[in-house]
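Analysis of the macromolecular model
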Amino acid sequence: MSDSNTTNFTNPSTFILLGIPGMEAAHVWISIPFCTMYAIAILGNFTVLFIVKMEPSLHEPLYYFLCMLAITDLVLSTSTLPKMLSIYWFNSGKIDFSACLTQMYIIHSFFVMESGILVAMAFDRYVAICHPLRHSTILTNHVVAKIGLALVLRGIMVILPYPFLARQLPYCRTNIIPHSYCEYIAVVKLACGDTRVSSYYGLFVVLCVRGLDMIFIAVSYTQILRAIFSLPTKDARLKALGTCSSHLCAILTFYIPALFSSLAHRFGHNVPLHFHVLIANVYLLVPPMLNPIIYGVRSKQIRDRLLQLFTHKGV
């Protein structure tokens, strides 16, 4: 290790991202599935945005929320993968200190926004199934716009302390981050000062923001399931469950790896570092790739419109 990486400094001018520690020899091979996932995410999410824009029958709350989800997925994957590929392909891990904090802020703020969008989609399904006659009057375009604005502001404000807390810490050990991107706790762990405030605030975000979101989703689906199982016929129950299946799949692909990664950072001292970094990469790449596929396959309106586009092109 060079002296520049071990010299005492308060605020380093640059950080060095290692990629996946211990798996440097496999970086090129690892980049292939990651690059494939990114390409699918870009194509799939732009396709969803295009179809919803072009199809008037899709101009309703669920698909507006789906467009918000597609935009956050595009930002999350694009804010991380180009730098990851530069590390994996060219061993170019150097990143400016301010750029690192900016990347950290974008990743975590849009992650909070996406969590909130999943809550909004759960509320949409709750209203659609439990109060179907009032759905159009409760979730008007004006209300959907207000919900979207509130989710953006929440993501901005909740994560705003992250770069300020990270910037004020003294970094006198090393400027090498054993990660593929500037993840908040990974950066804080490099500090040699008192990091309790930074760590506690990070834990607060995990428990009180993501945790509350998961509770709201659970409450919504408890009410939804009660309403579904009170329906008189099996066909009606299956049809109602079918309208929720895409959202449930999106919830699972988003929260399970993210929650595991967050908890492993704080409590999983026996989890191998390379495994943790892989999971952290996966939870930023897999949901953006799967969400348009899930909704494209499960949503008849999107599927039919996509088939129409290909049919017209073929003709």
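Criteria and cut-off values
Residues numbered from 1 in each chain as written. Predicted model: local features only at pLDDT ≥ 70, side-chain atom pairs only at ≥ 80, totals over all residues. Heavy atoms only, no water. Phe/Tyr/Trp six-rings, centres within 6.5 Å; stacked < 30°, edge-to-face > 60°. Helix = DSSP H or I, 4+ residues; strand = E, 2+ residues; numbered from the N terminus. Buried < 20%, exposed > 50% of the residue type's maximum accessible area, 1.4 Å probe, protein only. Pairing = 2+ DSSP bridges. Contact = heavy atoms within 4.5 Å. Axes fitted to C-alpha atoms, helices over the stretch in contact; angles between N-to-C directions. Expected span 1.5 Å × (residues − 1). Bend = angle between axes of the 7 residues up to and from the residue. Parallel < 35°, antiparallel > 145°, perpendicular 65-115°, else oblique. Left-handed = near helix turned anticlockwise from the far one by under 90°. Salt bridge = Lys/Arg side-chain N within 4 Å of Asp/Glu carboxyl O. Polar contact = N/O pair within 3.5 Å; in protein donor to acceptor, adjacent residues only side chain to side chain. Patch = residues over 30% accessible without salt bridge, like charges linked within 9 Å, V, L, I, M, F, W, Y side chains within 5 Å. Areas by Shrake-Rupley, 256 points an atom, 1.4 Å probe, with all protein chains shown as cover.

Remarks on the packing of aromatic side chains
Per the stated rule, a full pass over the model turns up twelve aromatic pairs. Aromatic side chains Phe 15 and Tyr 171 sit 5.6 Å apart centroid to centroid with 80 degrees between the ring planes, which places their arrangement in the edge-to-face category. Of this pair, Phe 15 sits in strand 1 (residues 14–17) while Tyr 171 sits in the loop between helix 7 (161–167) and strand 3 (176–177), and the two are 156 residues apart along the sequence. Exposure class is identical for Phe 15 and Tyr 171. Each is buried. Ring centres of Phe 34 and Tyr 88 lie 6.1 Å apart, and the angle between their planes is 45 degrees; on these two criteria the pair is classed as tilted. Of this pair, Phe 34 sits in helix 1 (residues 27–54) while Tyr 88 sits in helix 3 (residues 81–90), placing them 54 residues apart in sequence.

Some details on the sheet that holds strand 2 (residues 94–96)
With mixed pairing, the three strands of this open sheet are ordered in space as 2-1-3. Each of the sheet's edge strands pairs with one partner strand only, and the pair in question is strand 2 and strand 3. Pairing analysis gives two bridges linking strand 1 to strand 3, with the strands arranged parallel. Within strand 3, the residue paired with Leu 17 across the bridge is Ile 177. Strands in contact with helix 4 (residues 97–130) are strand 1, strand 2 and strand 3; relative to strand 2, the strand with the most contacts, it is inclined by about 85 degrees.

Looking at helix 11 (residues 273–298)
Between the first and last C-alpha of helix 11 there are 36 Å, a value that for 26 residues agrees with the 38 Å anticipated at 1.5 Å per step. The principal kink in helix 11, of about 30 degrees, is found at Val 282.

Structural notes on the environment of Ala 218
Tracing the backbone through its elements, the reader meets Ala 218 in helix 9 (residues 196–229). In this structure the C-alpha to C-alpha distance between Ala 218 and Ala 122, which are 96 residues apart in sequence, comes to 8.9 Å.

Overview of the packing of helix 6 (residues 141–159) against helix 9
In a packed pair of helices, the relevant descriptors are the angle between the two axes and the axis-to-axis distance. Contact geometry for helix 6 and helix 9: axes closest at 11 Å, N-to-C directions at 160 degrees. Overall, the two elements helix 6 and helix 9 adopt an arrangement that is roughly antiparallel. Crossing of helix 6 over helix 9 shows right-handed handedness. Note on element contacts: helix 9 touches helix 6 through Tyr 201, Val 205, Val 209 and Asp 213, opposite Arg 154, Met 157, Val 158 and Ile 159.

Things to note about the pattern of salt bridges
Under the definition given, this model contains three salt bridges. The residue Arg 125 makes a salt bridge to Asp 124 at a minimum N-O spacing of 2.7 Å. Judged by its relative accessible area of 9%, Arg 125 falls in the buried class. The partner of Arg 154 in a salt bridge is Asp 213, and the shortest N-O contact between them spans 2.8 Å. Note that Arg 154 is positioned in helix 6 and Asp 213 in helix 9, a separation of 59 residues in sequence. Classification of Asp 213 as buried rests on a relative accessible area of 3%.

Quick notes on the side chain of Asp 124
Take Asp 124: it is sitting in helix 4. Side-chain polar atoms of Asp 124 contact the side chain of Arg 125, separated by 2.7 Å. Ignoring any residue separated from it by four or fewer positions in sequence, one finds Asp 124 in contact with Pro 61, Leu 62, Phe 65, His 135 and Leu 139.

Here we look at a nonpolar patch on the surface
Together, Val 28, Trp 29, Ile 32, Trp 89 and Phe 90 give the surface a local cluster of nonpolar side chains, amounting to about 620 Å² of exposed area. Those elements that provide at least two residues to the nonpolar patch are helix 1 and helix 3. Broken down by element, the residue count for the nonpolar patch peaks at three residues, all from helix 1.

Observations regarding the environment of Val 271
Here Val 271 is to be found in the loop between helix 10 (234–267) and helix 11. With relative accessibility at 26%, the residue Val 271 sits in the partly exposed group. The residues contacting Val 271, other than those within four sequence positions of it, are Ala 264 and His 276.

Quick look at unusual backbone geometry
Despite not being glycine, Asn 91 shows a phi value in the positive range, around 55 degrees. On the accessibility criterion, Asn 91 (68% relative accessible area) is exposed.

Some details on the environment of Tyr 201
Tracing the backbone shows Tyr 201 in helix 9. Put simply, Tyr 201 and Ala 264 are 63 residues apart on the chain and 16 Å apart in space, counted from C-alpha to C-alpha. When residues no more than four places from it in sequence are discounted, the contact partners of Tyr 201 are Met 157, Val 158, Pro 161, Tyr 162 and Leu 165.

What to know about the pairing of strand 1
Side-chain direction in a regular strand flips from residue to residue, so the side chains alternate between the two faces of the sheet. Of the two faces of strand 1, only one is covered, namely that formed by Phe 15 and Leu 17; the face formed by Thr 14 and Ile 16 stays uncovered. Pairing between strand 1 and strand 2: three bridges, direction antiparallel. Bridge pairing in strand 2 links Phe 15 to Ile 95.

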